[in-house]
Amino acid sequence: MKKLLALTVLTASLSLSQTPDLSGVWRANLQKSKRMGPPVITYLVIIEQKNAVFNNRTKEEALQITETTGTWGQRGEERAVLSFFVNGKLKVGSYQGVPTEMTGAVEGNKVVVKAEVAGRPSNFTRTYELSADGKTLTMDEEGSNEGHPLHNTIILEKQDDAAGEPLRKPEELAGAHFKNVKTDSLKGLPASEFLDTMHYFSWSLGKNCEFCHVQHKMDVDDKKEKPPPGPGGPQGPPPQQ
Ligand code: HEC
């Protein structure tokens, strides 16, 4: 009897420390979710969980979670990828093209990732909680975006694998997705990687997007700080049609 009890306690504590399986295709129930930013019609997520090399020098491996998010709204399709290790250790990765310190850990039945953008007042903590039946995943995000408070609660519902198709398709290229991209090398980037480049511009200058862009009108060339395209500039802004 005592042995059985010990075994029960042991397996219970083992299963407590196990990482919940978040993998699969998820779609947000937007009615139940609270989301900042422009409204979207569809919010789709694919989560993958697998072991990967955490430390290149020691070849130490750890569980890695990769969350690919796609939203469809007024601005068309927008994608973002967040990838982190779940071993409680800090690692500098890249999020939206910018160096970001990330620490992922299992806390009880939740997966928690804390992210901090190097040298900027931007950070977030995302908490993922799986329902007992494994069909609902609540993603709560709290933090600061360039000093502005950030809070999202997304209620995700499990989908068949086939529902992930729109997110597995190659992404639209920047040249087609945006109105005014003239540089050939930038035209050929997937739209989200193009935006990563923009985030990197901002981050490396320590300025926000409005340093080069007119707010909400990213396609106009009205600001002198927006460098003209092509090598050997300055060529001045091209005529607007
Ligand atoms: C250092 C200046 C600079 C900063 C800062 C900057 N951009 Fe840009 N952005 C550009 C230039 C230059 C282009 C045009 C590139 C081209 O024509 O090839 C551009 C183009 C764009 C476009 C395409 C516009 C369209 O609709 O056709 C978008 C979208 C964009 N930027 C978003 C952003 C966002 C979001 C940020 C902030 C995270 C940002 N940019 C920060 C210089 C900047």
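1. Examining the pattern of salt bridges
Moving on, step 1. A complete count under the given rule lists 11 salt bridges for this structure.
Moving on, step 2. Between Glu78 and Arg75 there is a salt bridge whose closest N-O contact spans 3.3 Å.
Moving on, step 3. According to the relative accessible area criterion, Arg75 is exposed, its value standing at 52%.
Moving on, step 4. A salt bridge links Asp221 to Lys182; the shortest N-O distance between them is 3.1 Å. Of this pair, Asp221 sits in the segment after helix H5 (191–205) while Lys182 is found in the loop between helix H3 (174–177) and helix H4 (184–187), placing the two residues 39 residues apart along the sequence.
Moving on, step 5. Residue classification places Asp221 among the buried positions, given a relative accessible area of 11%.
Moving on, step 6. Note on Lys182: relative accessible area 33%, which makes it partly exposed.
Moving on, step 7. Several salt bridges share partner residues, and in doing so they unite Glu67, Arg126 and Glu141 into one network.

2. Quick look at the side chain of Arg79
Moving on, step 1. On the secondary structure map, Arg79 appears in strand S4 (residues 76–85).
Moving on, step 2. A distance of 3.3 Å separates the side chain of Arg79 from the backbone oxygen of Leu167, its partner in a polar contact.
Moving on, step 3. A polar contact is formed between the side chain of Arg79 and the backbone oxygen of Lys169, at a distance of 2.7 Å.
Moving on, step 4. Beyond its immediate chain neighbours, meaning those up to four positions away, Arg79 contacts Thr69, Gly70, Pro166, Leu167, Lys169, Pro170, Glu171 and Ser192.

3. Quick word on the site of the ligand
Moving on, step 1. In the region of the ligand, 21 residues are neighbours, and Asn180, Met198, Cys209, Cys212 and His213 sit closest.
Moving on, step 2. In this structure, an oxygen atom belonging to the ligand sits 2.4 Å away from a main-chain N or O atom of Asn180.
Moving on, step 3. Measuring from a nitrogen atom of the ligand, one finds a side-chain N or O atom of His213 at 2.8 Å.
Moving on, step 4. The leading source of residues in the shell around the ligand is H5, at seven residues.

4. With respect to unusual backbone geometry
Moving on, step 1. Not every positive phi belongs to a glycine, and Gln96 is a case in point at roughly 55°.
Moving on, step 2. Structurally, the position occupied by Gln96 is in the loop between strand S5 (90–95) and strand S6 (98–107).
Moving on, step 3. The class for Gln96 is partly exposed, based on a relative accessible area of 33%.
Moving on, step 4. Despite not being glycine, Glu146 has its phi angle at roughly 50°, a positive value.

5. Examining the pairing of strand S1 (residues 24–28)
Moving on, step 1. Of all five residues making up S1, four are buried, and the element is well covered by its neighbours.
Moving on, step 2. Summarising the sheet, S1 and strand S2 (residues 40–53) pair through four bridges and their orientation is antiparallel. Across the sheet, residue Trp26 finds its bridge partner in S2, namely Val45.
Moving on, step 3. Inspection of the sheet shows S1 paired to strand S10 (residues 148–159) by four bridges, in the antiparallel sense. Following the sheet pairing, Val25 is matched in S10 by Gln159.

6. Re H5
Owing to its 3.6 residues per turn, the α-helix brings residues three or four apart onto one side.
Moving on, step 1. With 15 residues, H5 extends 21 Å between its outermost C-alpha atoms, agreeing within 8% with the 21 Å of an ideal straight helix rising 1.5 Å per residue.
Moving on, step 2. Taken together, the buried positions of H5 are Ala191, Ser192, Phe194 and Ser202. Looking straight down H5, one finds that the buried residues subtend no more than 155° of arc, so they occupy a single side.
Moving on, step 3. Those residues of H5 that are buried lie in contact with S4, H3 and H4.

7. Quick word on the coordination of the iron atom of the ligand
Moving on, step 1. Coordination of the iron atom of the ligand by the protein involves Met198 (SD) and His213 (NE2), with metal-donor separations of 1.9 to 2.2 Å.
Moving on, step 2. The site at the iron atom of the ligand holds six donor atoms, and with the angles between them running 88 to 178°, its shape is octahedral. Pair noted here: Met198 is in helix H5 and His213 is in the segment after H5, with a separation of 15 residues, a long-range link.

8. Brief notes about the confidence of the model for the protein
Moving on, step 1. For the protein, the average pLDDT comes to 89, and 88% of its residues sit at 70 or higher.
Moving on, step 2. Segment residues 231–241 is flagged for pLDDT under 50; beyond a separation of four residues in sequence, or across chains, it makes nine contacts in the model.

9. A few points about the nonpolar core
Moving on, step 1. Among the nonpolar cores identified, the biggest contains 24 residues, and Leu22, Tyr43, Leu82, Phe84, Tyr128, Leu137 and Leu156 are the most heavily contacted of them.
Moving on, step 2. If you list the elements that add at least two residues to this core, you get S1, S2, S4, strand S7 (110–117), strand S8 (123–130), strand S9 (136–145) and S10.
Moving on, step 3. Ranked by residues supplied to this core, first place goes to S2 with four residues.
Moving on, step 4. Here Leu156 is in contact with Trp26, Arg27, Ala28, Tyr43, Val45, Lys135, Thr136, Leu137 and Met139, once residues within four sequence places are set aside.
Moving on, step 5. Counting five residues, the second-largest nonpolar core is a separate cluster that includes Val25, Leu44, Ile46 and Leu167.

Cut-off values and rules
Residues numbered from 1 in each chain as written. Predicted model: local features only at pLDDT ≥ 70, side-chain atom pairs only at ≥ 80, totals over all residues. Heavy atoms only, no water. Salt bridge = Lys/Arg side-chain N within 4 Å of Asp/Glu carboxyl O. Buried < 20%, exposed > 50% of the residue type's maximum accessible area, 1.4 Å probe, protein only. Helix = DSSP H or I, 4+ residues; strand = E, 2+ residues; numbered from the N terminus. Polar contact = N/O pair within 3.5 Å; in protein donor to acceptor, adjacent residues only side chain to side chain. Contact = heavy atoms within 4.5 Å. Near = heavy atom within 4 Å. Pairing = 2+ DSSP bridges. Expected span 1.5 Å × (residues − 1). Arc of directions from axis to C-beta. Donors = N, O, S within 2.8 Å, 3.2 Å for Na, K, Ca; no water. Tetrahedral: all angles 85-135°; square planar, octahedral: opposite > 155°, others 65-115°. pLDDT = per-residue confidence, 0-100. Core = buried A, V, L, I, M, F, W, Y, C linked by side-chain atoms within 4.5 Å.

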